[in-house]
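Chain residues, written in single-letter form:
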Amino acid sequence: MSVKTVGVIGAGTMGNGIAQAFAVSGFSVKMSDIGQEQVDRGRKAIEKSLDRLVSKDKLSVADHGAALGRVEGVVGLDGLADCDFIVEAATEREELKLDIFRKLSDLVSAETVLASNTSSISLTRIAAATANPERVIGMHFFNPVPVMKLVEVVRALQTSDAVFEQVESLTRQLGKEPVAVKDSPGFAVNRILVPMINEACFACAEGIAAPEDIDKVMQMGANHPMGPLALADLIGLDTCLEVMKVLHSALGDPKYRPSPLLQQMVDAGYLGRKVGRGFYVYD
């Protein structure tokens, strides 16, 4: 089945980035969220991102206008009924994602592929919530989506070979690199990355070094382009916490226990860049 219209659920950081990637690649996009305010904010973020590409001579003014023109904002899920392909990028909470996929299953054609951008939740459980589980797959993008080339393509136990091959091909059409990953807690990247961030939170809480120095030693000593606490702010501390909870619950190993400081930061609403404050303060 050829893909012409792509639905994206969620107009936040990941959702608007995914919508932009598809729009720039020539697809018509319907970007959905729970309210008009969220949709408008997501569309504005896309416009600003495209503006930056134009200013860096990475996109022409004509292509900027064409890409933005391909993005239609919709409120709720009903407007996605005619989409050929849907990517869910809602908040990283399992009950929310299961509810979305149940509703989508009743709404769209049996031929529509339903992908989730989940960073840690079982695709097999998500697929089981639908009437056509063989058409459910993980398509895990990385932030910032327009820049990062990797997409983890995660097969649920039920995912068909045809759907997997279609998503691999679609990923390449976006100019990105698909990597096949088993459906396991945290998949590949977050199984390795988020426990490192969690350990940095423990180190910070224990006073081993200040946040900026923890980041500095990992940048200068391990050649990381960004320190773990700054990266946590970019990802979102709430997302990091949810990934750690999934790892801890699913694997049962105490080494995956979420840092109490990470939990405190989330409880305080210090979620990182998206709210202007995390381990650092942002404009």
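Residues numbered from 1 in each chain as written. Predicted model: local features only at pLDDT ≥ 70, side-chain atom pairs only at ≥ 80, totals over all residues. Heavy atoms only, no water.

- For the protein, the name recorded in an unreviewed UniProt entry is 3-hydroxybutyryl-CoA dehydrogenase, with Aquisalimonas asiatica as its organism.

**Focus: the packing of helix 8 (residues 211-221) against helix 9 (residues 228-235)**
- Axis separation between helix 8 and helix 9 bottoms out at 7 Å; the angle between their running directions is 105°. Here helix 8 lies roughly perpendicular to helix 9, going by the angle between them. Seen from helix 8, the contacting residues are P211, I214, D215 and M218; seen from helix 9, they are P228, L229 and A230. (Axes fitted to C-alpha atoms, helices over the stretch in contact; angles between N-to-C directions. Helix = DSSP H or I, 4+ residues; strand = E, 2+ residues; numbered from the N terminus. Parallel < 35°, antiparallel > 145°, perpendicular 65-115°, else oblique. Contact = heavy atoms within 4.5 Å.)

**Here's the deal with the pattern of salt bridges**
- This structure, assessed with the given rule, holds twelve salt bridges.
- Between E92 and K97 there is a salt bridge; the shortest N-O distance is 3.6 Å. When sorted by exposure, E92 lands in the same class as K97, which is buried.
- Across the pair E95 and R93 runs a salt bridge, and its minimum N-O distance is 3.2 Å.
- By relative accessible area, R93 is classed as partly exposed at 36%.
- Salt bridges sharing common partners tie together E88, E92 and K97. (Salt bridge = Lys/Arg side-chain N within 4 Å of Asp/Glu carboxyl O. Buried < 20%, exposed > 50% of the residue type's maximum accessible area, 1.4 Å probe, protein only.)

**Some details on the pairing of strand 4 (residues 85-88)**
- Because side chains alternate across strand 4, one face comprises the buried residues F85 and V87, and the other comprises I86 and E88, equally buried.
- The pairing of strand 1 (residues 5-9) with strand 4 spans four bridges and is classified as parallel. Note that in strand 4 the partner of G7 across the bridge is I86.
- Where strand 4 and strand 5 (residues 113-116) come together, four bridges link them in parallel fashion. Each bridged residue has a counterpart across the sheet, and for E88 the counterpart in strand 5 is S116.
- The β-α-β motif built from strand 4, the intervening helix 4 (residues 94-107) and the parallel element strand 5 has right-handed crossover chirality. (Pairing = 2+ DSSP bridges. Right-handed = clockwise from strand over helix to strand, strands pointing away.)

**A look at the domain arrangement of the protein**
- The domain architecture assigned to the protein consists of domain 1 (5-182) and domain 2 (190-275).
- The C-alpha centroid of domain 2 is placed 26 Å from the C-alpha centroid of domain 1.
- On the domain 2 side, the residues contacting the six residues of domain 1 number six residues.
- Across the domain 1/domain 2 interface, buried area totals approximately 620 Å², and carbon plus sulfur atoms make up 55% of it.
- Of all residues in domain 1, E92, S120 and N143 bury the most surface against domain 2, accounting for 55% of the area lost on that side. (Domains from an automatic or database assignment. Buried area = accessible area lost by both parts, 1.4 Å probe.)

**Structural notes on unusual backbone geometry**
- With an omega dihedral of 0°, the bond running from N143 to P144 counts as a cis peptide bond.
- Relative to the helices and strands, P144 resides in the loop between strand 6 (136-140) and strand 7 (150-155).
- Positive phi outside glycine occurs at N223, with the angle close to 60°.
- In this fold, N223 is placed in the loop between helix 8 and helix 9.

**Some remarks on the sheet that holds strand 4**
- Read across the sheet, eight strands follow the order 3-2-1-4-5-6-7-8 without closing on themselves; strand pairing throughout is mixed. Whereas interior strands pair on both sides, the edge strands pair on one side only; in this sheet they are strand 3 (71-75) and strand 8 (177-182). The mean inter-strand angle of the sheet, taken between neighbouring strand axes irrespective of direction, is 25°.
- Pairing between strand 2 (residues 28-33) and strand 3: five bridges, direction parallel. Note on strand 3: the bridge partner recorded for S32 is V74.
- Seen against the sheet, helix 4 touches strand 1, strand 4, strand 5 and strand 6 and runs at an angle of roughly 170° to strand 5.
- With respect to the sheet, helix 6 (residues 161-173) is in contact with strand 4, strand 5, strand 6, strand 7 and strand 8, its orientation differing from that of strand 7 by roughly 175°.

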